[in-house]
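Next come the chains, spelled out residue by residue.
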Amino acid sequence: MASLVEFYDSYNYEGDHETLNGMPLIYLPVSAKNILAGLSALIEDGIISPGQSFLDAGAGDGRVGAAAASLGLMAQGIELNVETFGMSVQRLKQAEANGVPTKNVTLNQGDFLAEKQIGGIPFEQIHIIYNYHNNWDGLSKRIAKESPKGTIFLYYTNQERQPELSSALKFVLGVEVNDKAAKGMIFEKGYLLAYRLD
């Protein structure tokens, strides 16, 4: 896992952003180190388990899916922006070429609010859904409407605790993660908040 952290967190997105029309193609609120720490803590606390299906809704460069897969989750990522999606696929190939196992990560191009299936898996069969403030309100409403009870919604933010996203989603646990060495991240300290659909 150190190689995953080294690969993703060594790239200087702040200085080396690929851009389209002057806008960065990648928006990175979390370091690989932080997402690994947060997901590991949720596994240790029994909130999520290896073997469950995991969706990174708004996949960016694929780091969250790669981290999830490295912990034994069946990882899918979905990215709306076609250019970002193409660059993300390339980053995963580069990671694999640099010794980071990424074969258990599948990236898909599409809209996480609209797709009936993501990577061949019906939306309602996904156990864990991750998002960082990227239409989290619409996503939490979709989970409440379409997902079965017990589905976990993971929300990464810089707030220690958010109010209930929907009356059906109950706050379970918040994990603080802090990586002062993170370069180019939106914030170095964050919280991975877990909600369960009741």
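Up top is the structure.
(A) Layout of the packing of helix H3 (residues 32-44) against helix H4 (residues 63-70). Between H3 and H4, the shortest axis-to-axis distance is 9 Å and the interhelical angle comes to 40°. Overall, the two elements H3 and H4 adopt an arrangement that is oblique. By crossing handedness, the relation of H3 to H4 is classed as right-handed. When H3 is examined against H4, the residues Ala 32, Ile 35, Leu 36 and Leu 39 are found in contact with a partner set consisting of Arg 63, Val 64, Ala 67, Ala 68 and Ser 70. Partitioning the contact of H3 with H4 into residue classes produces seven nonpolar, one polar and one charged.

(B) Highlighting the pairing of strand E11 (residues 189-197). With seven of nine residues buried, E11 lies mostly within the body of the structure. Bridge count for strand E9 (residues 152-157) against E11 is six bridges, and the pairing is antiparallel. Paired with Tyr 155 across the bridge in E11 is Leu 193. Pairing between strand E10 (residues 169-178) and E11: nine bridges, direction antiparallel. In the strand pairing of E11, Gly 174 is matched with Leu 193.

(C) Examining H3 more closely. Counted at 1.5 Å a residue, the expected span for H3 with its 13 residues is 18 Å, and the 18 Å between its end C-alpha atoms agrees. Note on H3: the residue one or two positions beyond its end, Gly 46, has a positive phi of about 75°.

(D) Geometry of the nonpolar core. Grouped together as the largest cluster of nonpolar side chains are 37 residues, with contacts concentrated most on Leu 39, Phe 54, Tyr 130 and Leu 154. A total of six residues in this core trace back to one element, the largest contributor, which is H3. Not counting residues within four places of it along the chain, the set of residues in contact with Leu 39 comprises Ile 48, Phe 54, Ala 67, Ala 68, Leu 71, Leu 154 and Leu 192. One finds Leu 55, Ile 78, Phe 112 and Ile 118 within the second-largest nonpolar core, a separate group that totals 19 residues.

(E) Main features of the sheet that holds strand E8 (residues 128-131). An order of E5-E4-E3-E8-E9-E11-E10 is seen for the seven strands of this open sheet, with the pairing classed as mixed. Both outer strands of the open sheet, strand E5 (105-109) and E10, are each paired with one neighbouring strand and no more. Here the strands of the sheet are splayed against their neighbours by 20° on average, with no regard to which way each runs. Set on the sheet, H4 makes contact with strand E3 (53-57), strand E4 (74-79), E5 and E8; between it and E3 the angle comes to about 165°. Contacting E4 and E5, helix H5 (residues 82-97) crosses the sheet at an angle of about 165° to E5.

(F) Structural view of helix H6 (residues 136-146). Along H6, the residues that are buried comprise Leu 139, Ser 140, Arg 142 and Ile 143. Each buried residue of H6 lies within a common arc of 160° when the element is viewed along its axis, so the set occupies one face. Contacts from the buried residues of H6 go to E3, E8, E9, E10 and E11.

Cut-offs used in this document
- Residues numbered from 1 in each chain as written.
- Predicted model: local features only at pLDDT ≥ 70, side-chain atom pairs only at ≥ 80, totals over all residues.
- Heavy atoms only, no water.
- Axes fitted to C-alpha atoms, helices over the stretch in contact; angles between N-to-C directions.
- Helix = DSSP H or I, 4+ residues; strand = E, 2+ residues; numbered from the N terminus.
- Parallel < 35°, antiparallel > 145°, perpendicular 65-115°, else oblique.
- Left-handed = near helix turned anticlockwise from the far one by under 90°.
- Contact = heavy atoms within 4.5 Å.
- Nonpolar A, V, L, I, M, F, W, Y, C, P; charged D, E, K, R; others polar.
- Buried < 20%, exposed > 50% of the residue type's maximum accessible area, 1.4 Å probe, protein only.
- Pairing = 2+ DSSP bridges.
- Expected span 1.5 Å × (residues − 1).
- Core = buried A, V, L, I, M, F, W, Y, C linked by side-chain atoms within 4.5 Å.
- Arc of directions from axis to C-beta.

Spatial relationships are all this shows, so hold off on functional conclusions.
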